[in-house]
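# Observations on chain architecture
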Amino acid sequence: MAERRNSWRALVGALALASLMMLVVAVVRAFDPDETINVADLAAVLIAATVAATAVFTWSRLPRQLASALGPAQASKAAEVLVGLIRKQWEAEARHRSLDDPQPIPVCWKLTGNEAVMSQGRLVATQTNLTFDGRSDDIVAIAGQFRGLSRCRLVITGEPGMGKTTLAVQLLLQLLATRTQDQLATRQGKVLPIPVLLPLSGWDLNVHPRLQEWLVDRLAKDYPALSAPELGSGAVGALVAGGYILPVLDGLDEIAQHARPKVIKALNASLGSGDQLIMTSRTAEFTKAIAGAGRPLNGAAVIVPTRLSPQDAAAYLRACLPRLPSESWCKVLAALENRSSAALAETAATPLGLWLIRTVYADSGADPAELTGPLGIDRASLRAHLLDQLIPALIRTRTPSTDRSGHFRPRRRRDPDATRRHLTYLAQAFPPAITCDIAWWRIAASVPQIRHITGLVGGVVAATLGGVGAGLALGIAYGLVHGLVAALTFGLVFGLAVGIGHTCWADEEPGHANLRLRGRMRLLAQSVRRCKVASSVTRLKVMLPAALALGLTAFVTTGFEVGVATGLVAGPTFALTVEVAVGVVVWAEKPTLTSVSTAISSWKSDRTLTLMRGVPFGIPFGLACCYMVGLSSGLASGLTIGVATGLVFGVSAGLVFGLLMGRHHAWLVGVIASCYLALRGELPWRIMSFLDDAHRLGLLRAVGPIYQFRHADLHDHLAAVPSGGLLPETVGHPSER
């Protein structure tokens, strides 16, 4: 329904443009009192815009391919492709998060003592005495206990900073590493699912009531390779329906409170007896969600961590220090082990606090003496101090490098104060109470005036391109004075029409584009051929209006014979150019088997898709205008002038339509918003470079194309900083706005 409305909107807009073009010609003609308005010129301009509208309407109404079922061999191939992508993605992310440097923090995990939040033991495991004990530095044992659960469902709970997401990532990597041997150990024919980590904050129950529906949508966006032609259509749906996916749902506590019980109910309604699951949540929020849902998550074991002992915390810090620590560090370690500094011991009892102490003091080489002084008396003050010093410590420690293997090092030197200011804006633009996901394409929604700003920019671009094109076209045909009048008149009117009539792009998501030719030439030919022969009715929608329009124009200006000949040649030619243009766009949107959606790749892909739309559609516009201008005014001034005039106006009009029309404008509105925010000092000019460096520094973590703060406590800490002005409009989950 939405696509149909957009199609009719495009058609009406193009017809309105035709009327504006008639007005321009009338104004130009009226500039010379001795020259009357040529009806043929007006008809040619009107018909040209009508043909352009028909092309746009036909493009937007092209039939979409329907998904088909995959066979077992194709499903297995798609599963192996997904395994490779996830392993590469999370091994790199584990290095960014320093999960094994120098060793995992030894957090102990055990079954919860709260029987109200967990199913009966017989539903969770087959053994009589259900147990689940393990340490994060022995992930092999924890993965084995997970495999031993009856339904392989696990909920990882704990207080803030206790390493819930870290354990989920460790489990994901371990299950991937042992998937092949575990599959051989199981009975023949059983599918061992692939763990895929997804933030729960992205699940909108109003759009996708069932878990499987959301998984299909999210996997298709995060892993475009699953839509590659080599796997056949419907690969994502086949994987989900075939039980190939083990969802690792991170952050039940990161969604709105009223939505948490609904998620529990939706999971119980969606999961079959063989469906596996891993989920993380803060303990208090999970307990309230279960109470609100009225029953536990069916068949899931619920585990909780125990706080780190002072001895374990001291042992971890020693592993991060030189073999012979300094005198200050010896005093800190002694104070930690004998609990003489209560705030220090309490802070080091959580993985987050221990990581902060290590990052701010051990890694940066700062003197830790203040940890045992007045700072070590109050835990809240110590925590705030560590969070305040985290950004400058990481920037000081991780010097810039252009080496691609330098996972922890940014591309350029960042100013600590500016970095803090930019991250504070992001923390407040994406409030923790609404969402923890920082999506670059949603930054635009943090600007309350974004619709007016994009309208202004779009109007200026349309006015510039349209004015230059119209001015050059009429200047070539009629002279400099007529060209200047046309440029000013058409540019002003066209810019106002585009600026006022454009739709808001702030809610659009990025598209995928791949222009790599190597190994894809055959696919390009197939895409063009399929669009060319897609539908005889579709072709007639383009051919007949073009033939009638161009033939009528030639008939009015030159005579019957030329009109018939022009119609017979121009109609099929224009239809062919439109079909080829559509085929190129369809080909560019097809991913390869190695395509994976990251923040950087999605930004570049949407930029490519946006910029390339103007090129293939500029060609048919240019050819159409060549015919019409060459026949209506070019014959009077010469064929060369007609062709040149048509190309100039056609290409400029094609660029405008390509940039402003279509389904994806996330990059375009992102650039506009980031420039506006950079002028205000809220964000840097190169926003994606900044986000990538913040990720490399360890301040942000990445989940597919989404960024999150490294720890929720850091997000909360920065969001609470006074902004000095109005809080930006929130850009949380659509259901929470």
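It should be noted that the structure appears before, not after, this text.
Here we summarise the structure given alongside this text. (Residues numbered from 1 in each chain as written. Predicted model: local features only at pLDDT ≥ 70, side-chain atom pairs only at ≥ 80, totals over all residues. Heavy atoms only, no water.)

## Quick look at the overall build of the protein
Scanning the protein from terminus to terminus reveals 27 helices and nine strands. Per-residue burial over the protein gives 54% buried out of 737 residues. Intrachain contacts of the protein at a sequence separation of at least 6 include 80% that bridge at least 24 residues. (Helix = DSSP H or I, 4+ residues; strand = E, 2+ residues; numbered from the N terminus. Buried < 20%, exposed > 50% of the residue type's maximum accessible area, 1.4 Å probe, protein only. Contact = heavy atoms within 4.5 Å.)

## Brief notes about the sheet that holds strand E3 (residues 153-158)
Pairing in this open sheet of seven strands is mixed, and the strands run E2-E1-E7-E3-E6-E5-E4 from one edge to the other. Two strands bound the open sheet, and with one partner strand each, they are strand E2 (134-135) and strand E4 (194-199). Bridge count between strand E5 (residues 245-250) and strand E6 (residues 277-282): two bridges; the pairing is parallel. What sits directly across from Leu249, in E6, is Met279. (Pairing = 2+ DSSP bridges.)

## What to know about the packing of helix H16 (residues 379-397) against helix H17 (residues 416-429)
At a minimum axis distance of 9 Å, the contact between H16 and H17 shows a crossing angle of 125°. Classified by the angle between their axes, H16 and H17 sit oblique to one another. Here the hand of the crossing between H16 and H17 comes out right-handed. Contacts between H16 and H17 involve Asp388, Ile391, Pro392 and Ile395 from the first element and Pro416, Thr419, Arg420 and Leu423 from the second. Residues belonging to the contact of H16 with H17 are distributed by class as follows: five nonpolar, one polar and two charged. (Axes fitted to C-alpha atoms, helices over the stretch in contact; angles between N-to-C directions. Parallel < 35°, antiparallel > 145°, perpendicular 65-115°, else oblique. Left-handed = near helix turned anticlockwise from the far one by under 90°. Nonpolar A, V, L, I, M, F, W, Y, C, P; charged D, E, K, R; others polar.)

## Re the pairing of strand E1 (residues 108-111)
Strand direction decides the pairing type here: E1 and E2, joined by two bridges, are antiparallel. When the bridges of E2 are listed, Trp109 appears paired with Gly134. As judged from the four bridges shared by E1 and strand E7 (residues 301-306), these two strands associate in the antiparallel manner. Looking at the pairing, Trp109 lines up with Pro305 of E7.

## A look at the pairing of E7
Taking burial as the measure, the six residues of E7 include five buried ones, the bulk of the element. Sheet topology note: the E3/E7 ladder contains three bridges and is parallel. Pairing of Leu154 across the sheet is with Ala301, part of E7.

## Description of unusual backbone geometry
In this model, Asp101 is joined to Pro102 through a cis peptide bond whose omega is -10°. With respect to the helices and strands, the residue Pro102 is situated in the loop between helix H3 (72-96) and E1. Positive phi outside glycine occurs at Cys152, with the angle close to 50°. With respect to the helices, strands and loops of the structure, Cys152 is situated in the loop between helix H5 (139-147) and E3. A relative accessible area of 7% means that Cys152 is categorised as buried. Despite not being glycine, Arg339 shows a phi value in the positive range, around 60°.

## A closer look at the environment of Ala599
Counting through the fold element by element, Ala599 comes out in helix H23 (residues 599-637). C-alpha separation for the pair Ala599 and Met688, spaced 89 residues apart in sequence, amounts to 7.9 Å. Each residue touching Ala599, except ones within four places of it in the same chain, is listed here: Trp440, Met688, Gly704, Pro705 and Tyr707.

## Some words on the environment of Val304
Position of Val304 among the secondary structure elements: in strand E7. For Val304, a relative accessible area of 14% corresponds to the buried category. On a C-alpha basis, the gap between Val304 and Trp109 in space is 5.6 Å, while along the polypeptide they are 195 residues apart. With sequence-adjacent residues up to four places away left out, Val304 is seen in contact with Cys108, Trp109, Lys110, Leu111, Thr112 and Thr157.

## A closer look at the packing of aromatic side chains
Applying the stated criterion to the full structure yields three aromatic pairs. Judged by centre distance (5.5 Å) and plane angle (5°), the rings of Trp203 and Trp214 are stacked. Residue Trp203 is located in the loop between E4 and helix H8 (211-222), and its partner Trp214 is located in helix H8; the two are separated by eleven residues in the primary sequence. Comparing Trp203 with Trp214, the two get one shared label, buried. Where Trp440 meets Trp603, the ring centres are 5.0 Å apart and the plane angle is 75°; that geometry is what we call edge-to-face. Taken together, the residues Trp440 in the loop between H17 and helix H18 (450-478) and Trp603 in helix H23 connect sequence positions 163 residues apart. The pair formed by Trp440 and Trp603 is uniform in burial state, with each residue classed as buried. Every member of this aromatic cluster is reached through a ring pair, and the members are Trp440, Trp441 and Trp603. (Phe/Tyr/Trp six-rings, centres within 6.5 Å; stacked < 30°, edge-to-face > 60°.)

None of the figures reported here should be taken as evidence of function without further support.
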